[in-house]
Amino acid sequence: MFELDNSALDELSKGIYESGLLAKKMQSEIHRFYKSDGSVLTETDLAISKKIEDMVKNLFPNCGFISEEAEIEVKEDVPFTFILDPIDGTDVYSQGLPSYAVALGIINNERVPVGAMIYLPRFGKGREDMFVRLDPGKDLFVDGKPFEIQGNKDVVKQVTMGSGGQVKMDFTNFNGKVRTFGSSIIHLLSPVVFSSIQGCVNQPCFVWDIVSAHAVLKKVGMDIEYVDGEPFIYTDEFLYQKKKFKKDIYAGTKEGIKCMRKILPVRV
């Protein structure tokens, strides 16, 4: 079985950390641009994308690479593919808000999310920043320490949700709280890293918006499902054609997802 070199992963982790520091430094000076689809782009996205692409291709030449800000070269017969969102939450980042992340996910040749390096330079847990690292087949680390999930995640009282999600959901039977941060990665990470948040409802987004957090969710026994119960699959279209996945998703434990399906259904 092919394994990624530990020293190369350490170097790449350092690159993600440095990229987050760059994003933080540049945040007060960036300019908002708009892509053809209307989404926001900044100079920071482009600089980080180029830096990490060069690192991955140098450190892991036998692996694939996908980035939001780069042309996708389809490499299906590779042991791992690295998938980068240079700035997840570019819109809030460009407005000076703190809830953004540099997010790198890793999937194996069976298209299972197995690794993550996520740096949140201004959104920490009781501190200014947060670094989440999961090497394939290894333990989950948060801020350099082995991480164990805290709290009962099966009874959902607090969820994260995308800014466009509220209009889709039926809140009739939900008496809890909703947190919206403007970053899909942070939304999906929150049920793992924050003990008082049990689940996430997220709207259709791209592969780089989800894969790193999905790896973390799976590591702690959580997962993602479509709101109608259909399993979430990394299709060719989703991976290689820059297409969003097709329906809203729940993220949490199996029992937590059952709970959300009952108390937070999609409006008919």
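Everything numeric here is computed off the predicted structure, so don't read it as measured data.

An account of the sheet that holds strand E10 (residues 158–161) is needed here, citing residue identities and associated values.
Strand order in this open sheet of five strands is E11-E10-E12-E14-E13, and the pairing throughout is mixed. In the strand order of this sheet, the two ends are held by strand E11 (177–179) and strand E13 (223–226), each with one partner. In this sheet, neighbouring strand axes are inclined to one another by 25° on average, regardless of whether the strands run parallel or antiparallel. The pairing of strand E12 (residues 199–202) with strand E14 (residues 249–252) spans three bridges and is antiparallel. Within the sheet, the bridge partner assigned to Val201 lies in E14 and is Tyr250. Helix H5 (residues 211–219) contacts E13 and E14 of the sheet and is inclined by roughly 115° relative to E13. Where helix H7 (residues 254–263) meets the sheet, it contacts E10, E12, E13 and E14, and its direction lies at approximately 140° from that of E14.

Which residues make up the packing of aromatic side chains, and what values do they have?
The full count for this structure, using the stated rule, is 16 aromatic pairs. A centroid spacing of 5.7 Å and a plane angle of 40° characterise the contact between Tyr119 and Phe131, whose relative ring orientation is tilted. Of this pair, Tyr119 sits in strand E6 (residues 113–120) while Phe131 sits in strand E7 (residues 130–134), and the two are 12 residues apart along the sequence. According to the relative accessible area criterion, Phe131 is buried, its value standing at 14%. Relative to Phe174, the ring of Phe171 has its centre 6.2 Å away and its plane inclined at 55°; by these criteria the two rings are tilted. On the accessibility criterion, Phe174 (9% relative accessible area) is buried. Among the aromatic residues, those joined into a ring-pair cluster are Tyr226, Phe232, Tyr234, Phe238 and Phe245. The cationic tip of Lys247 hangs over the ring face of Tyr226; the distance from NZ or CZ to the ring centre is 4.9 Å.

Please give an account of the packing of helix H1 (residues 6–26) against helix H2 (residues 43–59) that cites residues and values.
At their nearest, the axes of H1 and H2 sit 10 Å apart, and the two run at 170° to each other. Taken together, H1 and H2 sit at an angle that is classed as roughly antiparallel. Taking contact as the criterion, the partners of Ala8, Glu11, Leu12, Gly15, Ile16, Glu18, Ser19, Leu22, Ala23 and Met26 in H1 are, on H2, Glu43, Thr44, Ala47, Ile48, Lys51, Ile52, Met55, Val56 and Leu59. The class makeup of the residues in the contact of H1 with H2 is 12 nonpolar, three polar and four charged.

Would you mind going over the nonpolar core in detail, with residue names and values included?
Counting 46 residues, the largest nonpolar core has Ile118, Leu188, Ile210 and Phe232 as its most contacted members. Beyond its immediate sequence surroundings of up to four residues, Phe232 is in contact with Ile210, His214, Ile224, Tyr226, Phe238, Phe245 and Ile249. With 28 residues, the next largest nonpolar core counts Ile48, Met55, Val56 and Phe82 among its residues.

Residue-level account of the packing of helix H4 (residues 184–193) against H5, with values.
For the pair H4 and H5, interaxial distance at closest approach is 9 Å and the crossing angle is 10°. The pairing of H4 with H5 is recorded here as roughly parallel in orientation. Facing H4, whose interface residues are Ile185, Leu188, Leu189 and Val192, H5 presents Ser212, Ala213, Val216 and Leu217. Each residue belonging to the contact of H4 with H5 can be placed in one class, and the counts come to seven nonpolar, one polar and no charged.

Residue-level account of the pattern of salt bridges, with values.
Using the criterion set out here, one finds 16 salt bridges in the structure. Salt-bridge contacts for Glu230 lead to Lys247; the nearest nitrogen and oxygen are separated by 2.4 Å. Of this pair, Glu230 sits in the loop between E13 and helix H6 (236–240) while Lys247 sits in the loop between H6 and E14, and the two are 17 residues apart along the sequence. A relative accessible area of 30% places Glu230 in the partly exposed class.

Give a detailed account of H5, specifying residues and quantitative values.
In terms of burial, H5 is a largely internal element, seven of the nine residues being buried. Where H5 is concerned, the buried positions are Val211, Ser212, Ala213, His214, Ala215, Val216 and Leu217. Downstream of H5 by a residue or two, Gly221 has a phi angle that is positive, lying close to 90°.

Now, about the sheet that holds strand E9 (residues 145–146): what can you tell me, with residues and values included?
Spatial ordering of the open sheet is given by E3-E4-E5-E6-E7-E8-E9, a layout of seven strands whose pairing is mixed. Lying at the two open borders of the sheet, with one neighbouring strand each, are strand E3 (64–67) and E9. Where E6 meets E7, five bridges bridge the pair, whose relative direction is antiparallel. Opposite Met117, over in E7, you have Arg133 as the bridge partner. Those strands touched by H1 are strand E4 (80–88), strand E5 (101–108), E6 and E7, and its axis lies near 35° from that of E6. In the packing of H5 onto the sheet, contacts are made with E4, E5, E6, E7 and strand E8 (140–142), and the angle to E6 comes to roughly 115°.

Rules used in this analysis
- Residues numbered from 1 in each chain as written.
- Predicted model: local features only at pLDDT ≥ 70, side-chain atom pairs only at ≥ 80, totals over all residues.
- Heavy atoms only, no water.
- Pairing = 2+ DSSP bridges.
- Helix = DSSP H or I, 4+ residues; strand = E, 2+ residues; numbered from the N terminus.
- Axes fitted to C-alpha atoms, helices over the stretch in contact; angles between N-to-C directions.
- Contact = heavy atoms within 4.5 Å.
- Phe/Tyr/Trp six-rings, centres within 6.5 Å; stacked < 30°, edge-to-face > 60°.
- Buried < 20%, exposed > 50% of the residue type's maximum accessible area, 1.4 Å probe, protein only.
- Lys NZ or Arg CZ within 6 Å of the ring centre and 35° of its normal.
- Parallel < 35°, antiparallel > 145°, perpendicular 65-115°, else oblique.
- Nonpolar A, V, L, I, M, F, W, Y, C, P; charged D, E, K, R; others polar.
- Core = buried A, V, L, I, M, F, W, Y, C linked by side-chain atoms within 4.5 Å.
- Salt bridge = Lys/Arg side-chain N within 4 Å of Asp/Glu carboxyl O.

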